[in-house]
Amino acid sequence: VIAGAGVGGLALANSLAKIPTMNVTVLERTDRFKRFGGPIQLASNALQIMKDMDEDLFNGVMEKFTFTGDKMNGIKDGIRSEWYAKFDLAGPAESRNMPYTGVIDRPDLQEIYLNAVPKGVIHNGDAVVGYKKNPKGPGVKVQMESGKEVEGDILIGADGIWSAVRASMRDEPAKGDGSGVAYSGYTVFAGELKYDSPDNGEVGYKVYIGPGQYFVITDIGNGCYQWYAFLARAPGSAETEEKPNGAGSYLKDIFTGWSPEIHAILDATKDYEIEQRDLYDRPPSVLKSWTDGGSVALLGDSVHAMMPNLGQGGCQAIEDAYVLVQELGGAKRRSSLESKMMNYRGRRLIRSAAVHGLSRFASDIIILGFDTPAKIVKDEKTGGLRFENFNYAGVVTKILQPILPIFFMLQFAFLYDGWKNEAAIDFKATAGFVAVGGIILLLGVGTEAGLAGVGVAFETLLGGEALDAFLLNLREILSMRM
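Since this is a predicted model, take the numbers as computed values, not measurements.

J.: It is not clear to me how the overall build of the protein chain should be interpreted in this structure. Could you clarify?
T.: Helices and strands together make up the secondary structure of the protein chain, namely 17 helices and 21 strands. Looking at the protein chain as a whole, 54% of its 482 residues qualify as buried. Sequence-distant contacts, at least 24 apart, represent 72% of the contacts inside the protein chain between residues at least 6 apart. Working note: accessible area of the protein chain is about 21300 Å², and carbon and sulfur atoms make up 53% of it.

J.: Which parts of the structure should I look at to understand helix α8 (residues 247–254)?
T.: Spacing of three or four residues puts side chains on the same side of an α-helix, whose turn is 3.6 residues. Buried within α8 are the following residues: Ala247, Gly248, Tyr250 and Leu251. One face of α8 carries all of its buried residues, which in axial projection span an arc of 160°. Looking at the packing, one finds that the buried side of α8 touches β13 (182–194), β16 (224–232), α9 (260–268) and β17 (274–281).

J.: I keep staring at the side chain of threonine 66 and nothing clicks. Help me out?
T.: Mapped onto the fold, threonine 66 is located in strand β4 (residues 66–67). Using a relative accessible area of 15% as the deciding quantity, one classes threonine 66 as buried. Among the polar contacts listed, one links the side chain of threonine 66 to the backbone oxygen of isoleucine 220, at a separation of 3.5 Å. Contacts of threonine 66, omitting those with residues within four sequence positions, involve Gly102, Val103, Asp219, Ile220 and Gly221.

J.: Before we go on, may I ask you to explain the sheet that holds strand β11 (residues 149–152) in this structure?
T.: The strands making up a sheet associate through backbone hydrogen bonding, with each pair oriented either parallel or antiparallel. Across the sheet, which stays open at both edges, the 3 strands sit in the order β9-β10-β11 with antiparallel pairing between neighbours. Edge positions in the open sheet fall to β9 (128–133) and β11, since each of these has one partner strand only. In this sheet, neighbouring strand axes are inclined to one another by 25° on average, regardless of whether the strands run parallel or antiparallel. Relative to strand β10 (residues 140–144), β9 is paired through 5 bridges, and the arrangement is antiparallel. From the neighbouring strand, lysine 132 faces β10, where its bridge partner is lysine 141.

J.: Explain unusual backbone geometry to me, please; I cannot follow it from the model alone.
T.: Backbone geometry at asparagine 97 places phi at a positive 55°, although glycine is not the residue there. When you line up the elements, asparagine 97 lands in the loop between α4 (90–95) and β7 (102–105).

J.: What exactly am I supposed to notice about the packing of aromatic side chains here?
T.: Between two aromatic rings, the relevant description is the distance of the centres plus the angle of the planes. Applying the stated criterion across every chain, the model contains 21 aromatic pairs. One aromatic cluster is present, built from ring pairs that chain together Phe87, Tyr205, Phe361, Phe407, Phe408, Phe412 and Tyr416. Sitting above the plane of the tyrosine 250 ring, lysine 243 keeps its charged end 5.1 Å from the centroid. Looking at arginine 351, its charged tip hangs above the ring of phenylalanine 414, at a distance of 5.3 Å from the centre.

Definitions and limits used
- Residues numbered from 1 in each chain as written.
- Predicted model: local features only at pLDDT ≥ 70, side-chain atom pairs only at ≥ 80, totals over all residues.
- Heavy atoms only, no water.
- Helix = DSSP H or I, 4+ residues; strand = E, 2+ residues; numbered from the N terminus.
- Buried < 20%, exposed > 50% of the residue type's maximum accessible area, 1.4 Å probe, protein only.
- Contact = heavy atoms within 4.5 Å.
- Areas by Shrake-Rupley, 256 points an atom, 1.4 Å probe, with all protein chains shown as cover.
- Arc of directions from axis to C-beta.
- Polar contact = N/O pair within 3.5 Å; in protein donor to acceptor, adjacent residues only side chain to side chain.
- Pairing = 2+ DSSP bridges.
- Axes fitted to C-alpha atoms, helices over the stretch in contact; angles between N-to-C directions.
- Phe/Tyr/Trp six-rings, centres within 6.5 Å; stacked < 30°, edge-to-face > 60°.
- Lys NZ or Arg CZ within 6 Å of the ring centre and 35° of its normal.

So this is what it looks like as structure tokens:
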């Protein structure tokens, strides 16, 4: 039984349904599927898994797909509009013979999965609210909002960040204090529109950095673009901050003095095309359960919801599904299910925690540590030299300019090399980006924001949970060798 028909739940259902010994049921709270939601990024690691799991489905995705990884991508100076650092998405994919990163409309991806899953597998219109394990043996009774119960040998909680399955497993609230879900410190405005961009077909996405906030523009295909404005705000700012002239005007004021490229796309966006939401995430936990014996396991956002900066949320849910299919597909008897569930946790814990940490690190370091890069320019009137933004943050941002491409290269190596999740710890891939990330953090310490945020950023780079998981798995490996 799978709770939730999101990307991870459907990927899992599609593959498990192909195994003759599996009888799969997906329970989805919505009464019917609607074409709702914007584009979702699928990076090379997730696309490679999709191809490995179901090549026909992968080919269907490619028909609706817009590649961004084969184009120019990177970070721009948010004030001057100049490229600050470009990162190569194509090279790492090509060298590993993997598909390029790109985007697809979420409704299109959902429809492709729904058409692939056998009829009768998905049941709409009733939400999972909890479960009870069978006290007399294997299996679980899934409790529904309607009062009904659905029985199965296994329950997979793929029911999102506010997971009822997780709440039932850990005896904690699904939302609020005690749920383990944390407010990230950021709110995001997002817009999606038809837009005549001057760099259409050349640039995949660009991140504009500057003091205290940043802005992202990405090509989503067919002449459409999506943009995001990330702001450090208290939770609930959508209700507490007044916007008498609308969200577009509010953002133009916030980004006064920033790149004309930002203002051009804001000017082209209608207010009804803009949405705001607070960002929450959840680090995967060493101390709290991923599984409940051999009967229940968590997948995707229910156990490791992450910031959207790397576009890895859906990708990591697909990786979860991939590993679960391997583990459950290899089970020959019910008595082996508990060890299979623990194998799943062991294979996914550190990698998902590291990706979670990288996603949070990207936000923290850009907002807390970066500024407009320092620059020496020639004054056109006097002919003399002028020093722009020569404060500590500006100088550090300039120093980091040649370092960031190296960090991106190591980051993509980590993401793309580890998609099979064959080892609990990928020492080689992890060591590089941790070392370079540490340099970035140390340079950021001197800023006031860096002093406030470096502790958080260092924890998220390796994640508090990721570090605990790393040490726990390292002890287990050493004890096995001894």
